[in-house]
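# Analysis of the macromolecular model
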Amino acid sequence: MSTPCKRRLLRDFKKMKTDPPQGISASPLNDNIMQWNAVIFGPDETPWEGGTFKLTITFTEEYPNKPPKVVFNTKMFHPNIYNDGGICLDILQNQWSPIYDVSAILASIQSLLTDPNPNSPANSEASRLYQENRKLYEKKVKEMVEKSWEEEEENADE
Amino acid sequence: MSKSNKKIQSPQSDSMDDTDGDIDYGSDEGGSDEEGDFDEDEDIEIEIEGEETDGIYDDTDLNRSKNSDFTSLSAEDLINSQQEQVIHCHEVLGVPLGIAGALLRAYAWDKEKLFLDFFDNRDKVIKKANVNLNDYVFHKGDAKKEMTCPVCYDDYNGGLMLSLSCKHFLCRRCMKDYLEVEIKDGPACLHAKCPYPKCNVLVDETLVKDIVDKKHYSTYSKFIARSFVDDNPRIKWCPAPDCGRAVYCPEGITDTVTCTCSCKFCFQCGKESHVPCSCSELVKWLKKEKDESETATWLTANTKDCPKCNRSIEKNGGCNHMTCSLCKYEFCWVCMEDWKDHSSGTGGYYKCNRYKPEELAGRTKETDRETARRELQKYMHYFKRYANHDKSQKLEKQLREKAQDKMKELTQINKYSSWVDVEYIQKAVQTLIDCRGSLKYTYVYGYYLDEGQEKNLFEYLQEDLERVTERLSEILESTPVEQFDRDEIIATTRSAATRLQHLLEGSSNGLVVERK
């Protein structure tokens, strides 16, 4: 339990509990600190408002010198999010810095929702609509937000 | 590189100049001679190729024909030479060692250009390499204060915190972990930056050396050495498998260089030495070989039938003089005709290298198909001989190992002979391998050579060399060791080496120049 990685993750968790960024929550699994579940809430006054988007974060022993793997479990419609939930975000790849922590990662992903980068598309349809037909794009996003509630209910039923 | 640039020296004068020859690497670089006092005194001396001349062969020693300016560098030499360049740059430009290294890497080790640019527009150079000159390469925090490391969140005395010139502090442990992970990631670690988000300050080598463990630093040094070769147009890796050495050529004018591991390769394309044919001819040829390989397969099959008794014969040595083990018929492996026709004793010549275009006079109407067929025939003629020498060459490389045994055997047979007395065998085998290597490529060269007087001359030289090579091959392979005639072997070796030299000189001076 005393590797630099695990100590650092404990501290990330502590920070997440005491000072969570707005609209974000995250915690490690009970039996595995290397695996976290997180939820990002859609920012208010955007098409994403009201959405609850679930993610899993997987760390390696090289954290924080290597970024964790972050994927959405909720089905997303976004120019920089792949169909399988993978995220195309520079700080999770070549712009990673060991200074970033869990809360910084999730905050970046949250801002990516409302501020996509259509130049590196991971979902070409979303990217095209975002650039060419913003109205239809927002409609699709809102549909997706509603679906995220259904998924929520399904999970609650189980 | 244009062939007219080639430095031509007579082999004799060459060997005299260099017999005592350790050269000081890098002394060709302007001004480094004067800068004798390096902080880290690493006066490396690297042996020049083909140093051992024992008087028997020095007039025709092929290793040193006209290109003896190159230097073979081991992994250790590479690190040392690279460090010397950094130290020189550090002294001339007055910048810290780590920065000197970063500048050189940013300039692909082109020291002259770096110096010019640096004195011309220092700021541009600094920006290009992402370094900061007006500061120490790394800082320690204020020892009177407590600081929190932004990576592990532990509190430390400032004296234990480190930063690059950007003053983004990390604790020593986290900086070490960060750098070690970068190094484990591969050669990109040479471009590692400050761990702070969006900070572009390049990690300084001095900092790496200071904090990472020995194992990681040695990996890092290897990456630097590798960049020293990969980015540097004057140094090329030896292509021999598992060699790991590199060869340095001061002016970049040499065609063929020889690594200490005895691998000969072309300094321009990095492939196995292919004189007399040019790099572009070789590329064309290899492509053709690939394209035509299906047609060629049956012709290069390993077995042939004895022309007399039809028994299948596998060629298991390099010599083309075949004797059927059943009927004792002697024939030439290339043309399958009686070997007697080949010896000069019967007034004949070794004709197997000549390709005679079919008499065209009588043929007035020629279809495309016939042209294609004729073209293929021509190609097959050259390819067969090329492939044949290639195969012999491979077999003779095994002979090199056998030669060692033969030499040992000989010293045992005759108690009075020492190792030096039997060294001629090694020389003979090496010459044989060299001749085969070049003969192989003479067929590529010949294939692309236009019909005419030059070609006739070239084929004459080729034929001459081929004959002596076959003779040498035969003596070495089929004579029992105890019957080795030292004088005969030395004479044949010398004769082969001289002919090879004539052929190569002829093709590079006479023929090539006229061929544009």
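Okay, so let's go over this structure. (Residues numbered from 1 in each chain as written. Chains lettered and ligands numbered in written order. Predicted model: local features only at pLDDT ≥ 70, side-chain atom pairs only at ≥ 80, totals over all residues. Heavy atoms only, no water.)

### Regarding the overall build of chain B
Rules: In this description a helix means any DSSP run of H or I spanning at least four residues, a strand means any run of E spanning at least two, and both kinds are numbered starting from the N terminus. Only protein chains enter the area calculation, which uses a 1.4 Å probe; residues under 20% of their type maximum are buried, those over 50% are exposed, and those in between are partly exposed. Pairs of residues are marked as contacts when any of their non-hydrogen atoms sit within 4.5 Å. Accessible surface is estimated by sampling points in the Shrake-Rupley manner with a 1.4 Å probe; for residues, cover comes only from the protein chains shown.
Looking only at helices and strands, one finds 14 helices and 16 strands in chain B. Put simply, chain B has 516 residues, and 48% of those count as buried. Long-range pairs, those at least 24 residues apart, make up 61% of the contacts in chain B between residues at least 6 apart in sequence. Carbon together with sulfur atoms contributes 49% to the accessible area of chain B, which is approximately 26000 Å² in total.

### Quick look at the environment of Leu104 of chain B
Residue and element names in this part refer to chain B. Here Leu104 is to be found in helix α3 (residues 97-106). Residue Leu104 is classed as buried on the basis of its relative accessible area, which comes to 0%. Among all residues touching Leu104, those that are not within four sequence positions of it are Gln85, Val86, Cys89, Trp109, Lys111 and Leu114.

### Some words on the pairing of strand β7 (residues 161-164) of chain B
Residues and elements named next belong to chain B. Quick reminder of the rule: For two strands to be treated as a pair, DSSP must find no fewer than two bridges joining them.
Residue alternation in β7 divides its side chains into two sets, Met161 and Ser163 and Leu162 and Leu164, and both sets are buried. Bridge count for β7 against strand β8 (residues 170-171) is 2 bridges, and the pairing is antiparallel. When the sheet's bridge partners are listed, Leu162 is paired in β8 with Leu170. Once β7 ends, the chain turns through 5 residues before running back antiparallel as β8, passing Lys167 with a positive phi of about 60°.

### Side note on the interface of chain A and chain B
A common way to report how large an interface is uses the accessible area buried once the components associate. What counts, and what does not: Buried area adds together the accessible area that both of two parts lose upon being put together, with accessible area traced by a 1.4 Å probe. Put simply, a salt bridge is a Lys or Arg side-chain nitrogen that is within 4 Å of an Asp or Glu carboxyl oxygen.
At the interface, 14 residues of chain A touch 17 residues of chain B. Between chain A and chain B, a total of about 1400 Å² is buried, with carbon and sulfur atoms accounting for 53% of that surface. In terms of surface lost to chain B, no three residues of chain A exceed Arg11, Asn65 and Ile99 of chain A, which account for 40% of the buried area on that side. Scanning the region where chain A abuts chain B turns up 4 salt bridges. Asp185 of chain B serves as the salt-bridge partner of Lys66 of chain A, at 2.6 Å between the closest nitrogen and oxygen.

### A word on the sheet that holds strand β3 (residues 52-58) of chain A
Residue and element names in this part refer to chain A. Basically, it comes down to this: Here, axes are lines fitted to C-alpha atoms. For helices the fit covers the stretch in contact, and angles between N-to-C directions go from 0 to 180 degrees.
Read from one edge of the open sheet, 4 strands run β1-β2-β3-β4, paired in antiparallel fashion. Both outer strands of the open sheet, β1 (24-29) and β4 (69-72), are each paired with one neighbouring strand and no more. Each neighbouring strand pair of the sheet contributes to a mean axis angle of 20°, computed without reference to strand direction. Strand direction decides the pairing type here: β3 and β4, joined by 4 bridges, are antiparallel. Bridge pairing in β4 links Ile57 to Val70. Its contacts with the sheet put helix α1 (residues 4-18) on β1 and β2 (32-41), and the angle it makes with β2 is roughly 30°. Of the strands in this sheet, β1, β2, β3 and β4 touch helix α2 (residues 102-114), which is tilted by about 30° from β2.

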